[in-house]
Amino acid sequence: MRKDNRKIVLRCQIEIQGLSKDTNRAIIHLTNSCKLNNLEPMRRKTIAGAITSGGFGLHSGEYAEMTLSPYDSGIVFKRNGVEIPAIPENVIDTRLNTTLGTGGVSIATVEHLMSALYGMGITDCMIEISGDEIPSMDGSALPFVQMIQAAEVKELDGETKPIVIDKPMSVEGEHAWIKVDPGMFSLSYEISFDNVAIGRQTYMYEGKGYVQEIAPARTFGLLSDVKDMVSMGFALGGGFHNALIFNDNKPLNPDGRRFKDECIRHKVLDMLGDLWLLGRPVLGGFHAYRANHGLHVAMALKVKEVAHERR
Ligand SMILES: [Zn+2]
């Protein structure tokens, strides 16, 4: 085994409905040094050593072990010897998660890990997994951030330039849309639920404070939707340990929410992960309204067209 390829086995300890004292301490020491909203080229980054963790998938309920390793040719998932580059063209399913696939092999629910890679500025990483869904961990991106921190971030020789948005663009769904305008990077997101516990929430993310403000926000759902989701084969591994679950009036998790607006923060987390399929920062102001993974990926594909035109 190469010296820089040491294997660290990390079992996720965050099985609680909130942040433990240890987790809070970890957050304080984390630094977010990436220049993701800067015109300057950014140094490519990977991790210094391999790190392994395991857990159950949110939708499949199946256990899988996952190893993140240093790499120098983008973010690539690997299963059964088949490599799947993390690019928007390889997205094969966006129903309640983002699934990558090629050559008859698929890996579901990549978005929270992709979001953590974005937040830590990781442009290059090999992710080998024994199953077909990324472990849900605690339903947020924080355990993945902690894995990357434990493995340590390492700069590579190459640089990556941001994609510059030079004209307004949009994608639309049913009562939902995403727009992007030229300008510095920002992401404003709005959701609107009839449910009073969630209601209307807005959030503006400007590229700072990812680890503290975005990464801990967990996936969420309505108890009234769970039966339908399970009958469709989703959320089979879901529970209070990895999701914020609401009835008509309040969250049912014994420890409640991590943030008053945890739901919208999680939507931002999801979209940052889906946009990181581009593998490059984007200079543009994004505005999302009631969007979903399908629209996030559609926007990533549209932004990629701009990048190709300007190559
Ligand atoms: Zn999510």
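All of these numbers come straight from a predicted model, not from anything done at the bench.

### A look at the overall build of the protein chain
- From N to C terminus, the protein chain includes seven helices and 20 strands.
- For the protein chain, the proportion of its 311 residues judged to be buried stands at 43%.
- In the protein chain, of all internal contacts separated by at least 6 residues, the share reaching a separation of at least 24 is 76%.

### A closer look at the nonpolar core
- In this structure, Ala116, Leu117, Val145, Ile148, Ala215 and Val268 are the most contacted members of the largest nonpolar core, which totals 77 residues.
- For this core, the leading source of residues is helix α6 (residues 262-275), giving seven residues.
- Lining this core are residues from two domains, each supplying at least three of them: domain 1 (3-160) and domain 2 (163-309).
- Apart from the residues lying within four places of it in its own chain, the contact partners of Ile148 are Ile47, Ala116, Met120, Ile122 and Val153.

### Digging into the confidence of the model for the protein chain
- The share of residues in the protein chain with pLDDT of 70 or more is 87%, and the mean pLDDT across the chain is 88.
- Residue range residues 1-35 is modelled with pLDDT below 50. Its contacts to residues more than four positions away, or to other chains, number 60 contacts.

### Here's the deal with the sheet that holds strand β13 (residues 169-173)
- With respect to topology, five strands assemble into an open sheet ordered β13-β14-β20-β15-β16, the strand pairing being mixed. Two strands lie at the open edges of the sheet, namely β13 and β16 (200-205), each paired on one side alone. Direction aside, neighbouring strands of the sheet carry axes that sit 5° apart on average.
- As paired elements, strand β15 (residues 186-192) and β16 share six bridges and run antiparallel to each other. Counterpart to Ile191 in the pairing with β16 is Gln201.
- Sitting on the sheet, helix α7 (residues 293-309) is in contact with β13 and β14 (176-181), with an inclination near 155° to β13.

### Section: the sheet that holds strand β9 (residues 105-107)
- Pairing within the open sheet is antiparallel, and its three strands lie in the order β7-β8-β9. The open sheet has two edge strands, β7 (91-93) and β9, and neither has a second partner. Strand after strand, the sheet turns through a mean of 40° between neighbouring axes, direction not considered.

### Topic: the packing of α6 against α7
- Where α6 contacts α7, the axes come no closer than 9 Å and their chain directions differ by 35°. Taken as a pair, α6 and α7 cross one another with a handedness that is right-handed. Here Asp270, Met271, Asp274 and Leu275 of α6 lie close against α7, whose contacting residues are His293, His296, Val297 and Ala300.

### Examining the pairing of strand β6 (residues 82-85)
- Here four bridges tie strand β5 (residues 75-79) to β6, and the two strands are oriented antiparallel to one another. From the neighbouring strand, Lys78 faces β6, where its bridge partner is Glu83.
- Linking β5 back to β6 in an antiparallel pair, the connection comprises two residues, with Asn80 at a positive phi of about 50°.

### With respect to the environment of Leu156
- Topologically, Leu156 is positioned in strand β11 (residues 153-160).
- Placed 112 residues apart in sequence, Leu156 and Arg44 show a C-alpha to C-alpha distance of 5.2 Å.
- Residues in contact with Leu156, not counting those within four places in the same chain, are Arg43, Arg44, Lys45, Thr46, Asp72 and Asp124.

### Looking at the packing of helix α2 (residues 111-119) against α6
- At a minimum axis distance of 7 Å, the contact between α2 and α6 shows a crossing angle of 80°. Relative to α6, the element α2 lies roughly perpendicular. Residues Glu111, His112, Met114, Ser115 and Tyr118 of α2 form the contact with α6, whose participating residues are Leu269, Asp270, Leu272, Gly273 and Asp274.
- Looking at side-chain class alone, the contact of α2 with α6 contains four nonpolar, three polar and three charged residues.

### Notes on α7
- Taking 1.5 Å per residue as the helical rise, α7 with its 17 residues ought to reach 24 Å, and the 25 Å between its terminal C-alpha atoms agrees with that figure.
- When α7 is considered as a whole, its buried residues turn out to be His293, Leu295, His296, Val297, Ala298, Met299, Ala300 and Val303.

### Observations concerning the environment of Val297
- Mapping Val297 onto the fold places it in helix α7.
- Val297 sits in the buried class, given 22 other C-beta atoms within 10 Å.
- Along the primary structure Val297 and Glu89 are separated by 208 residues, whereas in three dimensions their C-alpha atoms are 8.9 Å apart.

### Topic: unusual backbone geometry
- With a phi angle near 55°, Thr109 is a residue other than glycine that sits in the positive phi range.
- Within the element layout of this structure, Thr109 appears in the loop between β9 and α2.
- A tally of 24 C-beta atoms within 10 Å means that Thr109 is categorised as buried.

### Let's talk about the environment of Arg265
- Among the secondary structure elements, Arg265 is positioned in helix α6.
- Here Arg265 is in contact with Tyr203, Glu213, Ile214, Ala217 and Phe259, once residues within four sequence places are set aside.

Reading the values: the criteria
- Residues numbered from 1 in each chain as written.
- Predicted model: local features only at pLDDT ≥ 70, side-chain atom pairs only at ≥ 80, totals over all residues.
- Helix = DSSP H or I, 4+ residues; strand = E, 2+ residues; numbered from the N terminus.
- Buried ≥ 20, exposed ≤ 12 C-beta atoms within 10 Å, placed from the backbone.
- Contact = placed C-beta atoms within 7 Å.
- Core = buried A, V, L, I, M, F, W, Y, C linked by C-beta atoms within 7 Å.
- Domains from an automatic or database assignment.
- pLDDT = per-residue confidence, 0-100.
- Pairing = 2+ DSSP bridges.
- Axes fitted to C-alpha atoms, helices over the stretch in contact; angles between N-to-C directions.
- Left-handed = near helix turned anticlockwise from the far one by under 90°.
- Parallel < 35°, antiparallel > 145°, perpendicular 65-115°, else oblique.
- Nonpolar A, V, L, I, M, F, W, Y, C, P; charged D, E, K, R; others polar.
- Expected span 1.5 Å × (residues − 1).

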